[in-house]
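One letter stands for each residue in the lines below.
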Amino acid sequence: MKNLKEYREKAGLSQKEAAENLNIERTILSKIENGKRKLDPYLLFQMSKLYKASPEELLGIKKQEHKFQFLFRDAGKLDKNSRAVLEKISKIMNNIFFLEDLVNDKSRD
């Protein structure tokens, strides 16, 4: 996971400093960075906060933009609650698109 090392270095952290901040041993971080150990989601989230980068960036996943829009004849007349519901649905759909892309990328490997 070459990206992890690059982002750690870009954050100005040594392996020892990053490991201490992540509350793991330096050797574990080294193995993760070298692809010899799997990265669990919680640690990925912690790294993204520490390195100030998204999990997708850390993993080298190119985020694809999907256009998902609701079309109404008179969307301007929707009440506040309806708009909030539609925004949540839109976020859910974007997450589904992201997961589909991730699965499709994995199936190509």
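Computed from a predicted model, the values in this text were never measured in an experiment. (Residues numbered from 1 in each chain as written. Predicted model: local features only at pLDDT ≥ 70, side-chain atom pairs only at ≥ 80, totals over all residues. Heavy atoms only, no water.)

Honestly, the nonpolar core in this entry has me stumped. Any pointers?
Looking at soluble globular proteins, one finds that nonpolar side chains tend to be buried together. Counting residues in each nonpolar core, the largest one holds 16 residues, and the members touching the most others are Leu-29, Ile-32, Leu-39, Met-47, Tyr-51 and Leu-58. At 4 residues, the largest contribution of residues to this core is made by helix H4 (residues 41-51). (Core = buried A, V, L, I, M, F, W, Y, C linked by side-chain atoms within 4.5 Å. Buried < 20%, exposed > 50% of the residue type's maximum accessible area, 1.4 Å probe, protein only. Helix = DSSP H or I, 4+ residues; strand = E, 2+ residues; numbered from the N terminus.)

Looking at this model, I keep getting lost on the packing of helix H1 (residues 2-10) against helix H3 (residues 26-33). Mind explaining?
Angle between the axes and distance between the axes are the two parameters that describe a pair of packed helices. For the pair H1 and H3, interaxial distance at closest approach is 7 Å and the crossing angle is 125 degrees. The angle between H1 and H3 places the two elements in the oblique class. The residues of H3 that touch H1, namely those facing Lys-2, Leu-4, Lys-5 and Arg-8, are Leu-29, Ile-32 and Glu-33. Per-class residue counts for the contact of H1 with H3 are 3 nonpolar, no polar and 4 charged. (Axes fitted to C-alpha atoms, helices over the stretch in contact; angles between N-to-C directions. Parallel < 35°, antiparallel > 145°, perpendicular 65-115°, else oblique. Contact = heavy atoms within 4.5 Å. Nonpolar A, V, L, I, M, F, W, Y, C, P; charged D, E, K, R; others polar.)

Sorry, what's going on with the packing of helix H2 (residues 15-22) against H3 here?
It is the contact of H2 with H3, at a shortest axis distance of 8 Å, that shows an interaxial angle of 105 degrees. For the element pair H2 / H3, the angle class is roughly perpendicular. Facing H2, whose interface residues are Gln-15, Lys-16, Ala-18, Ala-19 and Leu-22, H3 presents Arg-26, Leu-29, Ser-30 and Glu-33. Of the residues assigned to the contact of H2 with H3, the class counts are 4 nonpolar, 2 polar and 3 charged.

Structural measurements only, silent on function.
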